[in-house]
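Given next are the chains, with one letter for each unit.
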Amino acid sequence: MNSDHNDLIIIGGGPAGQSAALIAGRTRLKTVLINAETPRNLVTTASHGFLTRDGVHPSELLAIAKEQLQRYPSVQYVADQVEAVDRIDRGFSVTTSQGTILRTSRLIIATGHRDHLERLNLPGIESVYGKSVYPCPFCDGYEHADEAIAVFGFEAIQHFVPMMRLWSNDIVVFSNGRPLDTALKAELTDHGVAVEEAPVDQLMSDNGKLTQVVLQGGRSIPRQSGFVVDDYSSPATHFAESLGVVANDNNSWNMPVMANESGTTSIPGLYLIGDARIGFSGIAAAASEGGFCVEMIAHDIAMERWNSLSEVTR
Ligand SMILES: Cc1cc2nc3c(=O)[nH]c(=O)nc-3n(C[C@H](O)[C@H](O)[C@H](O)COP(=O)(O)OP(=O)(O)OC[C@H]3O[C@@H](n4cnc5c(N)ncnc54)[C@H](O)[C@@H]3O)c2cc1C
């Protein structure tokens, strides 16, 4: 393990962090990628929508990325968990669970989000999550087209349900004990979408495949697959907050985020990319953010080196 000052440390090696490391390697930046190897979508059997790798298992995608990273000698891959991050003179220090302390002038946080299924209050969700019930129709809607689909949620239903019609006309909304706005309910019903407001008692399934949604009171609605609208995730780490990053509300979803699209935060030298930045980026966008962020960092480093050289020769 190197103890020198690095150009870049990347915490988290999902699509965002691996892509950042790849471009860092190609730019010959002295880089350490530290990864606890628990990507968010490991629960799924297939990852969709990433060019040339549509349908591969999430672990296969990352194994290929890891293998290809080995071509680049300036990048060191460390399978470990980062426990603490601190500001130091000329950058940041990073402490891992094995007690190793590393230093860097630039730090990328790519630690993703974690799903808290217990927040959904849907007994039985663990058996079907990533197998027939998912968070993202763009990721998994195609495989369940024209099925009897359950939409679980309350907030943003009015945007989500019209979109779900791209995949199926047979949709039942389960608001799980929360009464929907009367006008919205009428609009959904007018469009042939059934609404069930009673609390969900149990999701029944067979080998990961959703079969029935059982409501309190005993009624049972047959469904083959489902999508969850409500947000039930949180950042996997809080390093950005602990370092003092300030959120802004400057993004296209009108959500407060702590970094702009190149990953830049309110703290010079500190970057946030992928799900860690936006909550749910998807694999292609996470990989794109990783590459773009490192190109910005490389530009800064190049100018720093260029200017220090001219000071010496002046
Ligand atoms: C069920 C499900 C299905 C999905 N299907 C798809 C799909 O088909 N297509 C698609 O495009 N997207 C899909 N997604 C979304 C996709 O998984 C995420 O958007 C994507 O993984 C984000 O990449 P990331 O690199 O930002 O984070 P992640 O992939 O979550 O990677 C974060 C990495 O950081 C590491 N880490 C966390 N904390 C630490 C720490 N303290 N120290 C060191 N390392 C740490 C983790 O171990 C992990 O390896 C799905 C998500 C879910 C939940």
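Above this note sits the structure.
In what follows, the accompanying structure is described. Predicted, not measured: the structure shown is a model, and the values here were computed from it.

A short note on the nonpolar core
Here is step 1: Grouped together as the largest cluster of nonpolar side chains are 22 residues, with contacts concentrated most on Ile9, Ile11, Ile34, Val85, Val94, Leu107 and Leu270.
Here is step 2: Secondary-structure elements contributing two or more residues to this core are β1 (5-11), β2 (31-35), β4 (82-88), β5 (91-96), β6 (101-109), α7 (239-243) and β17 (270-272).
Here is step 3: Contacts of Ile34, omitting those with residues within four sequence positions, involve Ile9, Ile10, Ile11, Gly12, Gly13, Val78, Asp80, Val82, Val94, Thr96 and Leu102.
Here is step 4: In this structure, Ala16, Leu29, Ile297 and Ile301 belong to the second largest nonpolar core, which totals 21 residues.

Focus: the site of the ligand
Here is step 1: Near the ligand lie 39 residues; those nearest to it are Thr38, His48, Val82, Gly282 and Ile283.
Here is step 2: At 2.9 Å, a backbone N or O of Asp275 approaches an oxygen atom of the ligand.
Here is step 3: Protein burial of the ligand: of its 990 Å² of free accessible surface, 98% is covered by the chains.
Here is step 4: Listing elements by their share of the shell around the ligand, those giving two or more residues are α1 (15-26), β2, β7 (113-115), α4 (137-140) and α9 (283-313).
Here is step 5: Taken together, the residues that form the shell around the ligand break down as 16 nonpolar, 16 polar and seven charged.
Here is step 6: Formed jointly, the shell around the ligand draws a minimum of three residues from each of two domains, domain 1 (5-115 + 232-313) and domain 2 (117-228).

Some thoughts on the pairing of β1
Here is step 1: Most of β1 sits inside the fold, with six of its seven residues counted as buried.
Here is step 2: When β1 meets β6, the two strands line up parallel, connected through six bridges. Of the residues in β6, the one forming a bridge with Ile9 is Leu107.
Here is step 3: As paired strands, β1 and β2 are joined by four bridges and run parallel to one another. When the sheet's bridge partners are listed, Ile11 is paired in β2 with Ile34.

Description of the packing of aromatic side chains
Here is step 1: Inspection of every chain in the model, using the stated rule, returns four aromatic pairs.
Here is step 2: With a centroid separation of 5.6 Å and 35 degrees between ring planes, the pair formed by Tyr134 and Phe227 is classed as tilted. With Tyr134 in strand β8 (residues 133-134) and Phe227 in strand β15 (residues 225-228), this residue pair connects regions lying 93 residues apart in the sequence.
Here is step 3: Since its relative accessible area comes to 0%, Phe227 is described here as buried.
Here is step 4: Each ring, one from Phe138 and one from Trp167, has its centre 5.6 Å from the other, and the planes form 85 degrees; the classification is edge-to-face. Here the residue Phe138 occupies a position in helix α4, and Trp167 occupies one in the loop between α5 (157-164) and β10 (171-174), the gap between them amounting to 29 residues.

Examining the pairing of β15
It is a general feature of regular strands that their side chains alternate between the two faces of the sheet.
Here is step 1: Along β15, one buried face is formed by Ser225 and Phe227 and the opposite face, lined by Gly226 and Val228, is buried too.
Here is step 2: Of the strand pairs in this sheet, β8 and β15 are connected by two bridges, and their pairing is parallel. Bridge assignment links Val133 to a residue of β15, and that residue is Gly226.

Topic: the sheet that holds strand β9 (residues 149-152)
Here is step 1: Strand order across the open sheet formed by five strands is β8-β15-β9-β10-β11, with parallel pairing between neighbours. The open sheet has two edge strands, β8 and β11 (194-196), and neither has a second partner.
Here is step 2: With four bridges joining them, β9 and β10 adopt parallel strand pairing. Of the residues in β10, the one forming a bridge with Phe152 is Phe174.
Here is step 3: Against the sheet, α5 contacts β9, β10 and β15, and its axis sits at roughly 165 degrees relative to β9.

Conventions and cut-offs
Residues numbered from 1 in each chain as written. Predicted model: local features only at pLDDT ≥ 70, side-chain atom pairs only at ≥ 80, totals over all residues. Heavy atoms only, no water. Core = buried A, V, L, I, M, F, W, Y, C linked by side-chain atoms within 4.5 Å. Buried < 20%, exposed > 50% of the residue type's maximum accessible area, 1.4 Å probe, protein only. Helix = DSSP H or I, 4+ residues; strand = E, 2+ residues; numbered from the N terminus. Contact = heavy atoms within 4.5 Å. Near = heavy atom within 4 Å. Polar contact = N/O pair within 3.5 Å; in protein donor to acceptor, adjacent residues only side chain to side chain. Areas by Shrake-Rupley, 256 points an atom, 1.4 Å probe, with all protein chains shown as cover. Nonpolar A, V, L, I, M, F, W, Y, C, P; charged D, E, K, R; others polar. Domains from an automatic or database assignment. Pairing = 2+ DSSP bridges. Phe/Tyr/Trp six-rings, centres within 6.5 Å; stacked < 30°, edge-to-face > 60°. Axes fitted to C-alpha atoms, helices over the stretch in contact; angles between N-to-C directions.

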